[in-house]
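# Inside the fold
Residues per chain are reported as follows:
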Amino acid sequence: MIRKIILQIIDFFYQPFAKVMPLQTFRYLACGGGNTALDILLYFVCYNFVLHQQMVHLPFVNMSAHIAALFMSMAVTFPTGFLLSKYVVFSESNLRGHTQLFRYFVLVGICILLNYAFMKLFVDHLHFYPTVGKICTTALVVTFSYLTQKKFTFKVKQTHPGKLSS
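One structure accompanies this document, and this report is about it. (Residues numbered from 1 in each chain as written. Predicted model: local features only at pLDDT ≥ 70, side-chain atom pairs only at ≥ 80, totals over all residues. Heavy atoms only, no water.)

The next subject is the overall build of the protein. The helix and strand tally for the protein stands at 5 helices and 2 strands. Written out in order from the N terminus, the α and β elements of the protein read α-α-β-β-α-α-α. Each of the three principal axes of the protein carries a C-alpha extent, and together these read 60 × 35 × 30 Å. Buried residues in the protein amount to 37% of all 166 residues. (Helix = DSSP H or I, 4+ residues; strand = E, 2+ residues; numbered from the N terminus. Buried < 20%, exposed > 50% of the residue type's maximum accessible area, 1.4 Å probe, protein only.)

Structure follows, in structure tokens:
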């Protein structure tokens, strides 16, 4: 039921964009944009109001607030991103759910590394304000993520005539 409501809302706003992009791309932008906005909002709140821009002291490592906030926001946006991708954007994928989840997990792992590397670059080396660094990082990582999800994580396996699909 939630999937149906989300699709109705997204598809309602698709009409003006129908000549510019395919429906799947629009759905990805809408779902990914919503999840990304949630990620940036959570990041901002965690960095400024939960962590108060202070180092996080864990038993075996000290972590800067901008990196800790990155992981905190991802704890929420990982599951929401997977569910939106699986059930709203790439619902035609015929890969098994556990295969999709594993591939999504690998993709998110790569994206975490990319997020970490870009945040270190933008904030620690180029001295961007952390929220601005997060926005720049997000633009780069989202592009990579879309292409990977479409071609790998939620791809549609081609079935050959006369053969059973698995």
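Turning to a nonpolar patch on the surface, a few remarks are in order. The grouping of L41, F44, V45, F49, V50, M72, Y129 and V132 at the surface amounts to a nonpolar patch, some 710 Å² of accessible area in total. Looking at where V132 falls in the secondary structure, it is placed in helix α5 (residues 130-153). (Patch = residues over 30% accessible without salt bridge, like charges linked within 9 Å, V, L, I, M, F, W, Y side chains within 5 Å. Areas by Shrake-Rupley, 256 points an atom, 1.4 Å probe, with all protein chains shown as cover. Salt bridge = Lys/Arg side-chain N within 4 Å of Asp/Glu carboxyl O.)

On to the packing of helix α2 (residues 23-50) against helix α3 (residues 65-89). A pair of packed helices can be characterised by two numbers: the angle between their axes and the separation between those axes. The geometry of α2 relative to α3 is characterised by a closest axis approach of 8 Å and an angle of 155° between their N-to-C directions. When the axis of α2 is compared with that of α3, the two are roughly antiparallel. As α2 packs across α3, the resulting crossing turns out to be right-handed. Looking at the contact of α2 with α3 residue by residue, the classes come out as 17 nonpolar, 7 polar and 2 charged. (Axes fitted to C-alpha atoms, helices over the stretch in contact; angles between N-to-C directions. Parallel < 35°, antiparallel > 145°, perpendicular 65-115°, else oblique. Left-handed = near helix turned anticlockwise from the far one by under 90°. Nonpolar A, V, L, I, M, F, W, Y, C, P; charged D, E, K, R; others polar.)

Moving on, we get to the pattern of salt bridges. Applying the stated criterion across every chain, the model contains 3 salt bridges. Taking the shortest distance from any N to any O, the salt bridge between R27 and D11 comes out at 2.7 Å. Taken as a pair, R27 in helix α2 and D11 in helix α1 (residues 2-14) lie far apart in primary sequence, 16 residues in all. Given the relative accessible area of 15%, R27 is considered buried. Salt-bridge contacts for D124 lead to K120; the nearest nitrogen and oxygen are separated by 2.9 Å. Of the two residues, D124 and K120 both sit in helix α4 (residues 97-125), 4 residues apart, roughly one turn of that helix. Judged by its relative accessible area of 28%, D124 falls in the partly exposed class. Relative accessible area serves as the criterion here: at 26%, K120 is assigned to the partly exposed category.

Further remarks concern the nonpolar core. Counting 15 residues, the largest nonpolar core has V88, V89 and F90 as its most contacted members. Among the secondary structure elements, those contributing two or more residues to this core are α1, α2, α3 and α4. If sequence neighbours within four positions are ignored, V89 has contacts with Q24, R27, Y28, C31 and L84. Membership of the second largest hydrophobic core comes to 13 residues, among which are Y47, L51, M119 and V123. (Core = buried A, V, L, I, M, F, W, Y, C linked by side-chain atoms within 4.5 Å. Contact = heavy atoms within 4.5 Å.)

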